[in-house]
Every structure is written in C-alpha cells, then in structure tokens.
Amino acid sequence: MAIQLAKDRDPLWKKIVKSRMLYLFILPTIALISIFSYYPAVSAVYRSFFEWDGAFRSVFRGFGNFKEAFTDEVLQVSALHLLIVVVFHLIRELVFPMVGALLVFHLRHSRAAYSFRTLLVIPIVVPGIVILLIWRFIYNPSIGLLNQLLTVVGLEDLGQNWLGDPRFSLLSVAFIGFPWAGGFPFLIYLAGLQNITVDIFDASTVDGATGIRRFFYVELPLVLGQVKLLVMLTIITVIQSYQNYLILTQGGPGLSSMVPGLHMYYVAFRYQRFGYGSAIGVILFALIFVLTVINKKYFQGGAESA
Amino acid sequence: MKLTPAQKASEVGKWAALVTLTFLTLYPFIFMIMSSVKSNAQIYTRFWGVAAPLHWDNYAVAWRMISPFVFNSVFITLVSVLTAVFFASLTAYVLARFQFPGREFFYYYIIAIVMIPGILTLIPQYILIKNMGMRDTRWALFFPYVSYGQVFSVFILRTFFAGIADDLIDAARIDGSGHLRIYFTIILPLSKPIIGTVALMRVITIWNDFIWPLVVMSQKKNFTITVGLAYLTSEYKVEYGQAFAGYVIASLPLLVLFLLTMKTFVRGITSGALKA
C-alpha cells in the first residue's frame, strides 16, 4: 500500500507540509524536465511566430513563418522525399525483421536459435555513426564494396556513384543496413511470437495450419499489436531522422536527398533563422502528434501495452 | 524425436536462410575488421581478403587520433547515466510507494514528455544552452542527457517498485528505518536488474548520440566519439585501414557491454518498446 506521511483528516496545506520530503525527492526530475523539455517545447511554439536570429533580433511575424513553410520549395521537395522514405522504411521494418524472427522462432535447435538471435541483435549495439561510415565506404564509387561486388559478378556496368548521383542518393541512404532482418524490430517480433502459447500452435497444427497458412491465420493476427507498434514507431522515427542524410549526402546532390528534418537543421544552424526553423519543427511535431492521436484512437487494441 | 523428410528439408531451408541473413547482416562489420589491418595499397590490391603483413599499427594510429573522443564519451556517458538513474529511481520510489497531494499530477507531468519529440525542442534547447553559457562545456551534454533519461526510467522503475512486497518495507519501518534508508537498503538492492536494464538503454542512446553533441560542441577537444569519427573521416584524407580501426575501437565498448549483459539487454529493448 502507498504510504501516507500526513493523516487523512489533515487539511491540504498540512498534508503538503508533512509531505515536504517527498517533494524534495522528486524535485531534481521535475526541475530538469521543466527546464530542458517543457521550456524548449513552449519556446519552440512561441518562437515559431518570430523572425529570430537566436540572440537579440526577434521580430514578430504572425503566421508568416508558417505561410513561408507552405510555399517553401525546399520543404515541398523534402516532404515528397519523406513520403518515399517512410514507405520504404515501412516495408523494410515490417517485412524483413518478421522473416528473421519467424526463422529464429521456428528453428528446432534452440541453442542455434539463441545464437542467431544474438548475432542478429549486434547491429543495435554498433554505433549508428560507424554503420553509416562503413556504408559510405560500401557506396564509394571507386573502391566501394558495392561497385567491387558488381565487378566481381561481371556487372560493372551497373556500378554507380551511389551517393553522388541525384537519381540514387535518396534511396541509397534509405537502403543502408540491408538486409534489415535483425535489430530492434526483429526483437520486438520475436518477443511477440514467444508470447503465443504452445496450445495455440498445437491446435493450429491439428487443424493442419503450417507454413504460410499458419503465418497468416495464426501468427500474424497474434503479433498484430507488435506490427502496429512498429508502424507507429517507424513513422515517428523517420519523420525525425536526418542524421544519415546530414553525414552522407548533406541533402544533395542538389536537393535530391533533402528531408524536412535536415532542412530545419540547415535553416537554423546554417542560416541562423531560428524562428523559421522552429516553425518547421512545430509542423513536424503537429504531424507526429496527429498520427499518434489517430493511432491511439483508431488502431489501438491488441497493443495494450504500447 | 524423429523428423520426417519434409520436416528435415524445412529445417535445412531455415538454416540456410538464417545463415544467409546473418552473414549479410554482419558482413559490413566483418569487412570493417578485415580492412582495419590493411594499408591503402592492400585494400586496392587484395580487396576481399586479408593480406600479409597485417597492419596492427593502424590501431595504434587510430587510437592516438580518437582516444580523447573516447574518453569524452566514456566520461559523459557514465556520469549522466548514473545521475539520471539515481534521480529517476528516487522519483519512481516516491511515486510508487507514497500517497501525497499532487502525486497523479506529477506522474502525468513526467509521462506527458513522450509526446514532445526531439525535433521540436532541438533549436530552443540549443539556444537555452547557449544563453546559459554552457556551449562547449560538458554541462551542455550532461543536463539534457540526464533530463531525457527521466521519462522512460521513471515509467519502468515505478511499475517495478510498486510491485515490491509491502512486508519487506513494513518490516524495515518497524525497525525504525527512515524512508531514504529504506530506498537505499531495500528498494535499490532488490531492483538491481531492472535498474541495470534502464541504465543500459541510456548508455546505448548516449554513446550513439550524434546531432546534439555536434550542435553544442564546436571545439575538437570536446567532441564525443561519434562526432569525432565523422570529423576525422571528413577532414583528413586518412588511410582507410586506420579509419576502420577507429570504427572498431568506437564499437568495442558497447559490444563488450552487450556480450556481458545479453539477457538484461534483450529484455530492456523489448520492455522499452512495449511499455514506453
């Protein structure tokens, strides 16, 4: 039971006084999140109505920044790219790790399954930046692994300047991490599959459901919660991630791999337009917020814990 | 149990598929390790294999270049994770075990942070740090890292603390232990695994963070390992082998931690995703 330092019949002020130790204990957490999360969030919304150089010059623009955002050609191109990348990532995060998880889950040799699981988790612990830099080498037009591989199999004509060619830059960055079977979504799916009780599998086997049928009629419905969770997490993460583009292509060549987050980053830290940058941040936040609410309202159930 | 021929074939198929997937997943890392002991000439001539002589000296050179970054990362990761977990566990303890005015409010005040994405706060947070005069100091990383750790940690720990049996705590109270003492002598020791899980998740996030240290640190001596690696490979025409050796060094701490704490690790990742 919860401990109460004050008596039930104490008036509120007395309860508060008697509980003062408790407030002291939670003070660091409350103070930190107030200063470093809530204040910046409020400030972002407030500053999005200003032309602001990050220091003293701050001029009220009303909805000027938002109007500018909706006619900003860079942002329009970026939004299209974002859509493409979201679709691409949804496929890669939903399909491939599911294959990996199903294979590991159905392996009869349990120690081997454990080893495969361990190996497939390794990409999570290797720093993202290291993975990016390795892939930069893989895509290197002269001695990169990909073009070398194409040469070995006699397809050197297909070799490309993967990151430096506007036709390929966007998808080359999105492609990083192939074959995408391991990592975080893999673990989520595996945990979901392991939660399915043995009885259900036994019953389905008696009913003759194996292989593909078992997947669609038994497993998929029972890990639907995990699927929904990953759809949501993937979309939210992709909207916010631009680090890969910043490091590998700087959004180029031209605008060929520009995404909204990266545009925001440049607007703020390259052009010192912190007000307009904040406005782009607010728009992305609104997008994430709406998606989260829609998800909670219409697609919840099954993923209770999510 | 005897397998039918069809079952056997399906087992073989699964093995083949898994070996292929695992190999492709890990090949970039295998390639990184092989290339880390080669000179540029060896990379050009013996691309796929490893050629003698092995250039272990690549590691010495790489270490000389990145050791200050490694030190910065180790320091900031340790200090901010320990602080974050300490504050979070104290808060979780209070919220889980005590009844007081405002308890619900404070709980939701903390949890509601999950609705605030990093992309919204990046710019004002940078300005805040700048105005506080913390740019290019360790504080610029410390405070946000401690702060960001709170939501997830409080959430997970509060659930766990609430489940600790009352008898244990009642017994300690009868012995006359104060609340802080109960926290240190009963709650913390009982919660080591879950606290380890929470801490581990924070270690991964902080060690791998790139954008934030990039934004607040402009002097090379303050770079964390991620920013340092990106900087080195863009500024200098380094030997590829040395660069790869640097990548290996940067990956080692978490890899070792992972191998030592595999169970905690996997549980942390899945619980984090399903509960937060």
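Residues numbered from 1 in each chain as written. Chains lettered and ligands numbered in written order. Predicted model: local features only at pLDDT ≥ 70, side-chain atom pairs only at ≥ 80, totals over all residues.

## Focus on the overall build of chain B
Scanning chain B from N- to C-terminus turns up 14 helices and 1 strand. Since a compact globule built from 276 residues should have a radius of gyration of about 19 Å, the 24 Å found for chain B marks it as more spread out than a globular shape. In terms of principal-axis extent, the alpha carbons of chain B reach across some 75 × 70 × 35 Å. Within chain B, the proportion of its 276 residues that are buried is 46%. For chain B, the share of sequence-separated contacts (at least 6 apart) that also reach a separation of at least 24 residues comes to 77%. (Helix = DSSP H or I, 4+ residues; strand = E, 2+ residues; numbered from the N terminus. Rg over C-alpha atoms; globule rule 2.2 N^0.38 Å. Buried ≥ 20, exposed ≤ 12 C-beta atoms within 10 Å, placed from the backbone. Contact = placed C-beta atoms within 7 Å.)

## Here we look at the overall build of chain A
A count of helices and strands for chain A gives 16 helices and 3 strands. Taking 2.2 N^0.38 as the reference for a compact globule, 306 residues should give roughly 19 Å; the C-alpha atoms of chain A span a radius of gyration of 25 Å, well beyond that estimate. Structurally, chain A occupies a C-alpha span of about 75 × 55 × 35 Å along its principal axes. Counting the 306 residues in chain A, one finds 38% classified as buried. Here the contacts in chain A between residues at least 6 apart in sequence split such that 66% fall between residues at least 24 apart.

## Comments concerning the interface of chain B and chain A
Facing 74 residues of chain B, the contacting portion of chain A comprises 80 residues. Top element by residues in the side of chain B that touches chain A is helix α1 (residues 5-35) of chain B. It accounts for 13 residues. Where strand β1 (residues 3-4) of chain A lies against strand β1 (residues 98-99) of chain B, 2 bridges are found, and the strand directions are parallel. Considered in β1 of chain B, the bridge of Gln4 of chain A is made with Gln99 of chain B. (Pairing = 2+ DSSP bridges.)

## Topic: unusual backbone geometry
Residues and elements named next belong to chain A. Here Phe178 and Pro179 are connected by a cis peptide whose omega angle stands at 10 degrees. Looking at the element boundaries, Pro179 is found in the loop between α9 (169-175) and α10 (183-195). Of note, Trp180 is a non-glycine position whose phi angle comes to about 60 degrees, a positive value. Following the sequence through the fold, Trp180 ends up in the loop between α9 and α10. Of the residues examined, Trp180 has 24 C-beta atoms within 10 Å and is grouped as buried. With a phi angle near 55 degrees, Gln272 is a residue other than glycine that sits in the positive phi range. Along the chain, Gln272 turns up in the loop between α15 (260-269) and α16 (274-298).

## Brief notes about the packing of helix α3 (residues 57-97) of chain B against helix α6 (residues 139-148) of chain B
When two helices pack together, their arrangement is given by the angle between their axes and by how far apart the axes lie. All names here are of chain B. For the pair α3 and α6, interaxial distance at closest approach is 8 Å and the crossing angle is 35 degrees. Every pair of crossing elements has a handedness; the one defined by α3 and α6 is right-handed. Between α3 and α6, the contacting residues are Ile76, Val79, Ser80, Thr83, Ala84 and Phe87 on the first element and Leu141, Phe142, Tyr145 and Val146 on the second. Within the contact of α3 with α6, the residues separate by chemical class into 8 nonpolar, 2 polar and no charged. (Axes fitted to C-alpha atoms, helices over the stretch in contact; angles between N-to-C directions. Left-handed = near helix turned anticlockwise from the far one by under 90°. Nonpolar A, V, L, I, M, F, W, Y, C, P; charged D, E, K, R; others polar.)

## Overview of helix α2 (residues 20-47) of chain A
When the local axis directions of α2 of chain A are compared, the greatest deviation, roughly 45 degrees, occurs at Ile26 of chain A, which is followed within four positions by the proline Pro28 of chain A. When we look at burial in α2 of chain A, the residues that qualify are Leu22, Ile26, Thr29, Leu32, Ile33, Phe36, Ser37, Pro40, Ala41, Ala44 and Arg47 of chain A. (Bend = angle between axes of the 7 residues up to and from the residue.)

## Digging into the nonpolar core
Residues Ile134 of chain A together with Leu157, Leu229 and Tyr247 of chain B are the most contacted members of the largest nonpolar core, which totals 154 residues. The greatest single-element share of this core, amounting to 15 residues, is contributed by α3 of chain B. Those residues in contact with Ile134 of chain A that lie beyond four places of it in its chain are Pro28, Met32 and Tyr247 of chain B. (Core = buried A, V, L, I, M, F, W, Y, C linked by C-beta atoms within 7 Å.)

## A word on the environment of Leu103 of chain A
Positionally, Leu103 of chain A belongs in helix α5 (residues 96-106). A C-alpha to C-alpha distance of 9.7 Å links Leu103 of chain A and Leu190 of chain A, two positions 87 residues apart in sequence. Beyond its immediate chain neighbours, meaning those up to four positions away, Leu103 of chain A contacts Lys14, Ala17 and Leu18 of chain B.

## Observations concerning the confidence of the model for chain A
Here chain A shows a mean pLDDT of 90. Residues at 70 or above account for 97%. Contacts for the low-pLDDT stretch residues 302-306 of chain A, under 50 throughout, to residues beyond four places or in other chains number 11 contacts. (pLDDT = per-residue confidence, 0-100.)

## Side note on the confidence of the model for chain B
Averaged over every residue, the pLDDT of chain B is 89; residues scoring 70 or more account for 96%. Across the whole predicted complex the pTM is 0.90, and at the interface the ipTM reaches 0.89.

## Let's talk about the environment of Tyr242 of chain A
With respect to the helices and strands, Tyr242 of chain A occurs in the loop between α13 (224-240) and α14 (243-248). Contacts of Tyr242 of chain A, omitting those with residues within four sequence positions, involve Val259, Gly261, Leu262 and Tyr265 of chain A.

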